[in-house]
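Overview (structure and organization)
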Amino acid sequence: MGKKVVIVGGVAGGASAAARLRRLDESAEIVILERGSYISFANCGLPYYIGGVIGERESLLLQTPEKMGGRFNIDVRINSEVTGIDRDNRQVLVRNLEKGTTYKESYDYLILATGSSPVAPPIPGIEQANIFSLWNIPDTDRIKEYMEVHRPETAVVVGGGFIGLEMAENLAHQGLAVSLVEMLPQVMAPLDFDMAQILHEHLFQEGIDLNLGTGVKEFEKVGRRTRVRLSDGRHLDADMVILAIGVKPNSLLAQKAGLDLNMFGGVLVDEHLRTKDPNIYAVGDVIEVAHLVDGEKAMIPLAGPANKQGRIAADNICGMDRTYRGSQGTSVVKLFDLSVASTGYNEKQLQKKGLRRGQDYFSVVSLPKSHAEYYPGPMPMTLKMHFSPEGKILGAQAVGQEGVDKRIDVLATVMRLGGGVHQLTELELAYAPPFSSAKDPVNMLGFMADNVLAGKITAISWDELGGLDPDKIVLLDVREPIEVQLGQIPGAINIPLDQLRHRMGELDPDREIIVYCAVGLRGYLATRILSHHGYACRNLSGGFRFYQTAVQDFRGAAPGSGFRQVVSGGQDTCSRVIELDACGMQCPGPIMKVNEKMAAMEEGEVLEILATDPGFPADAQAWAEKTGNRFISREKSDRG
């Protein structure tokens, strides 16, 4: 008879460990004890089932107890809650939730894969029937049933993390008016604030009512609705409420057994995923891990790491010497038309460690296209990377419509394999016009970082501008005059890049020049020109487009918008509609094309522009206001 392994919990870590154990040892006795009714389900897919994107409930069930038991010869017991661990006798106390009986189960090795649970703070009124958390299949069934029976028209989502954002999107897809409440000043805590602002802008354009920097004080029943009273004194009324405030590790069982926990309740394990009891392993959301970047301890509850940890625990139980090197928090989420991804540390985390921007770490921001600009349909994205003076990649973030996951995966792989920013410049990545550019956006991040470390460019962030002494600097806008009409940083002077060499005498050589363009490239070229002529200068990271998004206030709700823009002259009657395809054009191409086209049009004609740049709606509206034209509407289109 082989060893006996009892696994407490299924889903990602537990189910992975069980399957790996069987593949390694056909003689082992393997028992899974799962408190719920489902041994393995796609919890990441739950919001999309509620939103109707995933049509069949059965698609969420990755493995049934019967199938897993039959294929892997595993004793799978659902509705079986482990209430205690007798470490001296290597037994667990199990309660059969269907029969109400208890029994003891022996083990040679025990794997704790108890996961985590959604946080439900003691807010007055939280027990109302139309207030839900989403964490498992029964939660999903309750929400679906409520929506089918009561046909809600409005919803409040509390929490701006992964589940909160996915639920906001999917409820909106179901036709509900959605308000999002987040206690932090931003959604998606893994992102820097300026990167999150891109999400805020997109949510705003999609009609989501954003309530940032405020929490829930009380839930009050008002007729058939719930009044959500906020900590800032305002209130929101809704037909249903989704709580997505966060998660906490299910570590009570480990605590009762005398195993060591951290201050957050995470179970402490070594690099082999063993607890202080050599016969007990722990994996998944319930454990504390080492952060890959610097080895510091962290709680990173993600499905990918949990699956790998389950495999490693099984390997070690079967006599293999496997270690878990740590997690780096690589993640991605879909948000309407955007993809949002990150890996490693963000700027808040770096500064919390006492690191100083410009000394202990540096950052670069790039706004490339998803593929070659001359090939139809390139989509914009924003990439941001933090790195050390030695060139070590500390973290990266990406937001865009296409190609975001690919770039973050490449960056995460380089980090995992110990590469740095110089290695990014050397990567040989697949290139063809429909997929990328000859110099991939990841290569470009490497080139930019190399330039920073070599002293060829000094960058300045948008949030540092306010601390500068206006008597000691010149703010130089090197965009074209038509772009300046759409907005400008207060106090800037405009000298287009192509005129800079001939007009350098207009600049004060005794003052530092802060240069910016639309997205950063022309600003970089301008700083190279100026530095060769002895000027002290810095380039604004991400340019005016990044600055403009970062400083805006997107709280509240805007009517849904999209990418098809219609601009007309001042008359109400339309004699003819003229189309302009501005998809994939590099800034300032789209607005210059609009200006050129409008100059040749007659009074009463309407110009309809098809654009892929998510920032173009604001540009088009601003241009229309500046030039005396009328901005008619904006809407989404499936064309292009």
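What comes next concerns the included structure. (Residues numbered from 1 in each chain as written. Predicted model: local features only at pLDDT ≥ 70, side-chain atom pairs only at ≥ 80, totals over all residues. Heavy atoms only, no water.)

**Some words on the sheet that holds strand β11 (residues 131-133)**
For clarity, the threshold we go by: One requirement defines pairing of two strands: DSSP has to find at least two bridges between them. Labels follow the DSSP assignment, with helices taken as runs of H or I lasting at least four residues and strands as runs of E lasting at least two, numbered in each case from the N terminus. With axes taken as lines fitted to C-alpha atoms, and helix axes fitted only over the stretch in contact, angles between N-to-C directions fall between 0 and 180 degrees. Whether two residues touch is decided by their heavy atoms; if any such pair falls within 4.5 Å, the residues are in contact.
With parallel pairing, 5 strands are arranged side by side in an open sheet as β11-β18-β12-β13-β14. The sheet is open, and its two edges are formed by β11 and β14 (209-212), each paired on a single side. Strand-to-strand twist across the sheet, computed as the mean angle between neighbouring axes with direction ignored, equals 20 degrees. Looking at chain direction, strand β13 (residues 177-182) and β14 are connected through 4 bridges and run parallel. When the bridges of β14 are listed, L180 appears paired with L210. Sitting on the sheet, helix α5 (residues 162-173) touches β12 (154-158), β13 and β18 (240-243), and the angle it makes with β13 is about 170 degrees.

**Examining the pattern of salt bridges**
Using the following cut-off: One side-chain nitrogen of Lys or Arg within 4 Å of one carboxyl oxygen of Asp or Glu is enough to make a salt bridge. The buried label goes to any residue with under 20% of its type's maximum accessible area, the exposed label to any with over 50%, and the partly exposed label to all in between, with areas taken from a 1.4 Å probe on protein chains only.
If you walk through the whole model with that rule in mind, you get 31 salt bridges. For K353, the salt bridge is made with E296, and the minimal N-O distance between the two is 2.8 Å. Placement of K353 in the loop between α9 (347-352) and β25 (362-366) and of E296 in the loop between β21 (289-290) and β22 (297-298) is noted, with a sequence separation of 57 residues between them. Since its relative accessible area comes to 30%, K353 is described here as partly exposed. One network of salt bridges, with partners in common, ties together D192, D194, E347, R357, K384, D463 and E464.

**Some words on helix α6 (residues 193-205)**
The condition that has to hold: Helix span is expected to be 1.5 Å times the residue number reduced by one.
When the terminal C-alpha atoms of α6 are compared, their 18 Å separation across 13 residues agrees well with the 18 Å that a helix rising 1.5 Å per residue should span. With 11 of its 13 residues buried, α6 lies for the most part within the structure. G207 occupies a position one or two residues after α6 and carries a positive phi of about 85 degrees.

**Let's talk about the packing of aromatic side chains**
Two numbers describe a pair of aromatic rings. These are the distance of the centres and the angle of the planes. Note the following rule: Ring pairs shown here join Phe, Tyr and Trp side chains whose ring centres sit within 6.5 Å, with only the six-membered ring taken for Trp; geometry is labelled stacked below 30 degrees between planes, edge-to-face above 60, and tilted in between. A ring has a charge above it when a Lys NZ or an Arg CZ is no more than 6 Å from the ring centre and no more than 35 degrees off the ring normal.
Taken as a whole and judged by the stated rule, the model has 7 aromatic pairs. An aromatic cluster is defined as three or more aromatic residues linked by ring pairs; in this entry it consists of Y516, F544 and Y547. Here the guanidinium or amino end of K144 rests over the ring plane of Y49, the centre of that ring lying 4.6 Å away. One cation-aromatic arrangement involves R479 over F544; the distance from NZ or CZ to the ring centre is 4.4 Å.

**Here's the deal with the packing of helix α10 (residues 404-416) against helix α12 (residues 441-453)**
Keep this limit in mind: Note that the term roughly parallel is reserved for angles under 35 degrees, roughly antiparallel for angles over 145, roughly perpendicular for angles of 65 to 115, and oblique for everything else. Each residue receives one of three labels: charged for Asp, Glu, Lys and Arg, nonpolar for Ala, Val, Leu, Ile, Met, Phe, Trp, Tyr, Cys and Pro, and polar for the others, Gly being one of them.
As a packed pair, α10 and α12 sit with axes 9 Å apart at the nearest point and diverge in direction by 50 degrees. Taken together, the axis directions place α10 and α12 in an arrangement best described as oblique. Seen from α10, the contacting residues are R407, V410 and L411; seen from α12, they are P441, V442 and L445. Classifying every residue of the contact of α10 with α12 gives 5 nonpolar, no polar and 1 charged.

**Side note on the pairing of β13**
Note on strand geometry: in a regular strand, side chains alternate between the two faces of the sheet. Put simply, the test is: The definition of a right-handed crossover adopted here requires that, viewed with the strands pointing away, the path from the first strand over the helix to the second runs clockwise.
Extensive coverage of β13 is indicated by the burial of 5 of its 6 residues. With 5 bridges joining them, β12 and β13 adopt parallel strand pairing. Paired with V158 across the bridge in β13 is V181. Each parallel crossover has a hand, and the one from β13 via α6 to β14 is right-handed.

**Quick word on helix α4 (residues 137-150)**
Compared with the 20 Å implied by 1.5 Å per residue over 14 residues, the 20 Å span of α4 between its first and last C-alpha is a close match. Taken as a whole, α4 has its buried residues at I137, D139, T140, I143, K144, Y146 and M147. Those residues of α4 hidden inside the fold are in contact with β3 (40-41), α2 (46-50), β4 (61-63), β11, α5 and β18.

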